[in-house]
Structure formats: C-alpha cells, structure tokens
Amino acid sequence: MEVAGWSLAKLREMEAKLYPMATTSMMIAQGGEVVYRYGNLSDVSYLASARKSIMSMLFGRYIAEGKIDLDMTIGEIAIDDNDGLLPLEKTAKVKDLLTSSSGVYHAAGSPGGNENTPERGKTKPGSVFLYNNWDFNVLGAIFEKRTGKTVFEALKEDLADPLGFEDFDINRQRMMGYENQSRYLAYHLFLSARDMARLGQLMLQGGKWGGRTIVPESWIAESTEMRFTPEQTKSKEGLGYGYLWWIPTSNNPSFKGAFLMNGNFGQFVLCLPAIDTVVVHRRAVTDEFAIARNQGKTTYEPTKVSVGNFLKIAEAVVDART
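Overview of the structure.

### Some thoughts on the nonpolar core
Nonpolar side chains tend toward joint burial in soluble globular proteins.
Okay, step 1: Counting residues in hydrophobic clusters, the biggest one holds 98 residues, and the most contacted among them are Met14, Met26, Val94 and Leu159.
Okay, step 2: The greatest single-element share of this core, amounting to eight residues, is contributed by helix α10 (residues 307-319).
Okay, step 3: Contacts of Val94, omitting those with residues within four sequence positions, involve Phe59, Ile68, Asp69, Leu70, Met72, Ile77, Leu139 and Ile142.
Okay, step 4: Ranked by size, the runner-up nonpolar core spans ten residues in total, among them Ala48, Met176, Phe265 and Ile291.

Here it is as structure tokens:
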C-alpha cells in the first residue's frame, strides 16, 4: 500500500536493513497515522532504560502542580542511602538527577549504568554528566514521596488510561535490582511498541490527547532541551542529554528538535517534531531474562541493536519521505 508522502520502494530498502538485525518489531507513525509496521506491535516486553524518558513525562504534571520542585535538594527531601550520603552529595537537586549529573556516586541498586564511578564527595552536583542508575532510581523514590502515587499507578492513571493503551498490564510492571547494595531499586516497565508509539505521539502533540492536557507543553520543551552536549555525555553517536531524554544532533533537517528514548538491547522511541513522525523500535527479551539480569543472576548479553545502528535505520526512514 502506498502511503501519501512516503516512498514504498525506499521503505522496502529500509526494511531490508532490518532483516539481519535483532529487531523484533518496528513502526513508523506520522501525524498519528501508521505509515509502516514490522513484526508484532502488540508484543509486550522490557523497556530497559527507555523507562527513564517515561519517568520524565510523568514528572511534568506534578512539577506544574508544585508537588515536585526541580530546585529542591535530595537532603531537603530526606533522601539517604544504606551507608549514608555525604554532605556535598545531599546538595544535589532534583534537576541534577534528571540530567544524570547528581555527583552522588553511591553504588546503584540495579545494573545498567556507568559502573566506573569516581571517588565520592569530590564532584559538584550538576557539573558532570555520568550515566548513573542511582540517580534514575532515586527519581522514582522522589516521585512517589512527593506525589503519594507509585510510579506504576501514575503510569496507569496519567498515561496508559487517558491514551488508551491496548496492551498495558499494571501487574507486569515491577521494581527490580540487587539486594543490599542500595535502598533504591529500579522501576522497570513492560510495554508494547504500539503503546510506546502513543507516548511519542503525545510528545509531538504538545502533551495534549483528546482535548486534554496530559503532559504540560512547557515541560515537553523544558525536558527535551539539550543540557549536556555529546562531548559532555561522551556519546560516539552524537547524543546530548536533556531531562531523561537523549537528544540526537544529526545535521539532517528532519532531525531538528528530535529527542529519543534509548533502552538496552534495542528499545527506542524517536520523536521527530520537524516531520511530525514517531519511530518505535523494539528488540524483545523475555521477562525471565530481564528479571534475572536485574537481580544480578546472569551477565549474559543477547544480540542487541545498538543506538548507532538504530540511528542509521532512522536516517533511512526519513530518506523514504517523498
């Protein structure tokens, strides 16, 4: 089927690049209409770190309501950890955690961050980007403390229900991590490609859905603004960082204003405001493997789709526009 504004031949060329990859599903939507689908879009699987951008979306409403203040310090919110935080670490602000620059180098309660943490108590909060799951996990605790809702309840009430998720199961979402390393575990999410596409579409629509404001438009602009450059994030793929969103820096005009959810193994949602397009890419892994990995019971690394390879696919996607 020829889709208006897209070359079927070029989409087929793009698809041929997917065959040798570990991709299990992918979809492209423009203006909320599905342009292309590949694999099983209803298959629910582990999001890995793509969860962090969804946490950013959840924060928006409660920042607007004054329940969460980006300038509050973790000391003021009474965040501590098993063997205590240092005085300098307690001066880290919520916004420093949102940019993964807290300077708190306490061991994280879950795998997947940068394990080469510097000496503690030497880095001024907000000054250095270090991809650190301690920051991300603590944001979940701050969210729950300040809103009175669990992350999973908020995901259901604030996003899944109003957006009409088709494949959402609150009982499949779970806290995971190591025991005894940190009191803050990771809030892991399990969603389908088509439900993730709704999240991307919501972002492109300025946070509005069915006439309702779900995420404040001002927060979408604020959270997707680059706060650390690719040089500061040490990204080989040219990705800067906002508030829990990765920011591509491609020279392609279709990528102007783009932002990205980026999860291990190949979980991506790329939002391209310049062309009103969402690209969702999944590499499904089983729940059992995801749980074992997050509990430190396996270090096995399945074949993955790297962010660099996904961005090449995304370039082929935008080249298919006529």
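### Considering the packing of aromatic side chains
Okay, step 1: In this structure the tally under the stated criterion is 18 aromatic pairs.
Okay, step 2: The rings of Phe129, Tyr131, Phe136, Phe228, Tyr241 and Trp246 are connected pair by pair, giving a single aromatic cluster.
Okay, step 3: We note Arg51 situated over the ring of Tyr187; from NZ or CZ to the ring centre the distance is 4.5 Å.
Okay, step 4: Residue placement shows Arg227 over the ring face of Tyr243; its charged tip is 4.1 Å from the ring centre.

### Points about the pattern of salt bridges
Okay, step 1: Overall, the coordinates contain 19 salt bridges when judged by the stated rule.
Okay, step 2: Two residues, Arg61 and Glu65, come together in a salt bridge whose shortest N-O distance is 2.9 Å.
Okay, step 3: On the basis of relative accessibility, which here comes to 32%, the residue Arg61 falls in the partly exposed class.
Okay, step 4: Note that Arg194 is salt-bridged to Asp167, the shortest N-O span being 2.7 Å. On the criterion of sequence distance, the pair formed by Arg194 in helix α6 (residues 193-204) and Asp167 in the loop between α5 (151-163) and β4 (174-176) is long-range, its members being 27 residues apart.
Okay, step 5: Three or more residues are tied together by salt bridges with common partners; here these are Arg61, Glu65, Lys67, Lys149, Glu157 and Asp158.

### What about the pairing of strand β11 (residues 259-263)?
Okay, step 1: Judged by how many residues are buried, β11 sits mostly within the fold: five of five residues are covered.
Okay, step 2: On β11, burial covers both faces: Phe259, Met261 and Gly263 on one face and Leu260 and Asn262 on the other are all buried.
Okay, step 3: Examined bridge by bridge, β11 and strand β12 (residues 267-272) share five bridges and lie antiparallel to one another. Residue Leu260 lies in a different strand from β12, and its bridge partner there is Leu270.
Okay, step 4: If you look at the hairpin formed by β11 and β12, you'll find three residues sitting between the two strands, and Phe265 has a positive phi there, around 80°.

About the criteria used
Residues numbered from 1 in each chain as written. Predicted model: local features only at pLDDT ≥ 70, side-chain atom pairs only at ≥ 80, totals over all residues. Heavy atoms only, no water. Core = buried A, V, L, I, M, F, W, Y, C linked by side-chain atoms within 4.5 Å. Buried < 20%, exposed > 50% of the residue type's maximum accessible area, 1.4 Å probe, protein only. Helix = DSSP H or I, 4+ residues; strand = E, 2+ residues; numbered from the N terminus. Contact = heavy atoms within 4.5 Å. Phe/Tyr/Trp six-rings, centres within 6.5 Å; stacked < 30°, edge-to-face > 60°. Lys NZ or Arg CZ within 6 Å of the ring centre and 35° of its normal. Salt bridge = Lys/Arg side-chain N within 4 Å of Asp/Glu carboxyl O. Pairing = 2+ DSSP bridges.

In short, shape yes, function no, at least from these values alone.
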